[in-house]
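Fold and contact review
Now for the letters of each chain:
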Amino acid sequence: MFISLEGIDGSGKSTQARLLAEGLHAAGHEVVLTREPGGAPGAEEIRRLLVEGATDRWSAETEILLFTAARRDHLERTIRPALADGKIVITDRFADSTRVYQGATRGDLRGLVDGIHELAIAVEPDLTLILDMDPAVALDRGLARGSGEDRFEEFGLEFQVALRDGFKGLARRNPRRCRLIDASREPAEIARHLLNTVTQAMR
Ligand code: ADP
Ligand code: TYD
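Read on for an overview of the structure. (Residues numbered from 1 in each chain as written. Chains lettered and ligands numbered in written order. Predicted model: local features only at pLDDT ≥ 70, side-chain atom pairs only at ≥ 80, totals over all residues. Heavy atoms only, no water.)

Observations concerning the site of ligand 2
Taken together, 16 residues surround ligand 2, and among them Asp9, Arg47, Arg93, Thr98 and Gln102 come closest. Separating an oxygen atom of ligand 2 from a side-chain N or O atom of Arg71 is a distance of 3.2 Å. Contacts to ligand 2 include Arg93, whose side-chain N or O atom sits 2.7 Å from an oxygen atom. When ligand 2 is considered free in solution it has 550 Å² of accessible area, and contact with the protein chains removes 95% of it. Only α2 (41-51), α3 (60-84) and α4 (95-101) provide two or more residues apiece to the shell around ligand 2. Broken down by element, the shell around ligand 2 gets its largest block of residues, three residues, from α4. (Near = heavy atom within 4 Å. Polar contact = N/O pair within 3.5 Å; in protein donor to acceptor, adjacent residues only side chain to side chain. Areas by Shrake-Rupley, 256 points an atom, 1.4 Å probe, with all protein chains shown as cover. Helix = DSSP H or I, 4+ residues; strand = E, 2+ residues; numbered from the N terminus.)

See below:
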């Protein structure tokens, strides 16, 4: 089973991806926990080009190509081999992030995003858990980390509000694959909800 976690910056994806991996492991499953951009050595190198530096470092079009290059490497080196071994793959972000961050917020690039995805990736998760919450609270959480990887957070609150709308739209249009999760709750409560959702989807 291939699971992705999606949502705006600071919505708790990394926290919940880890808790979900622990929960599934405790239930006897073999789990690979991974992330984008990154998740394989080459893709992690591309990640640094994307998450560090000035907000205007790349055009949206160039970003789409870099994220897709990283995703292709991640798919070849990490995701496909793990799925072939019968493991559950949990990825912190996948193609929906490109659809929303590059496709919906800066000009209408969704056609380009979809075309490149079909040509280079053409894979969707079995289940996508979208963590939904107030962007102002999420932004405070994210920037408070001071990770030095804040290039996208630096676009500001208005951008995060547009992203949230983008993720909600995706959830509406893909009701079989996507679940919208209330991420404003306590971490342990969200984790229980996610584990139940995944367990039900596996049946
Ligand atoms: P993301 O991967 O979506 O950017 P993180 O999991 O890194 O989000 O969480 C961002 C920050 O918010 C971290 O400091 C984390 O400890 C904190 N956090 C995560 N989940 C919650 C929650 N449910 N309630 C309050 N704080 C949280
Ligand atoms: P991530 O490390 O998940 O950031 P955060 O923990 O703040 O949520 O991702 C790095 C940034 O890259 C994040 O701001 C979202 C952005 N991103 C895109 O713009 N497009 C993409 O396709 C992906 C995978 C990420």
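A few points about the nonpolar core
Counting 36 residues, the largest nonpolar core has Ile3, Leu5, Leu20, Ile90, Leu129 and Leu194 as its most contacted members. With five residues, the single largest contributor to this core is helix α7 (residues 157-173). Phe2, Leu75, Val89 and Phe94 belong to the second largest nonpolar core, which has eight residues in total. (Core = buried A, V, L, I, M, F, W, Y, C linked by side-chain atoms within 4.5 Å. Buried < 20%, exposed > 50% of the residue type's maximum accessible area, 1.4 Å probe, protein only.)

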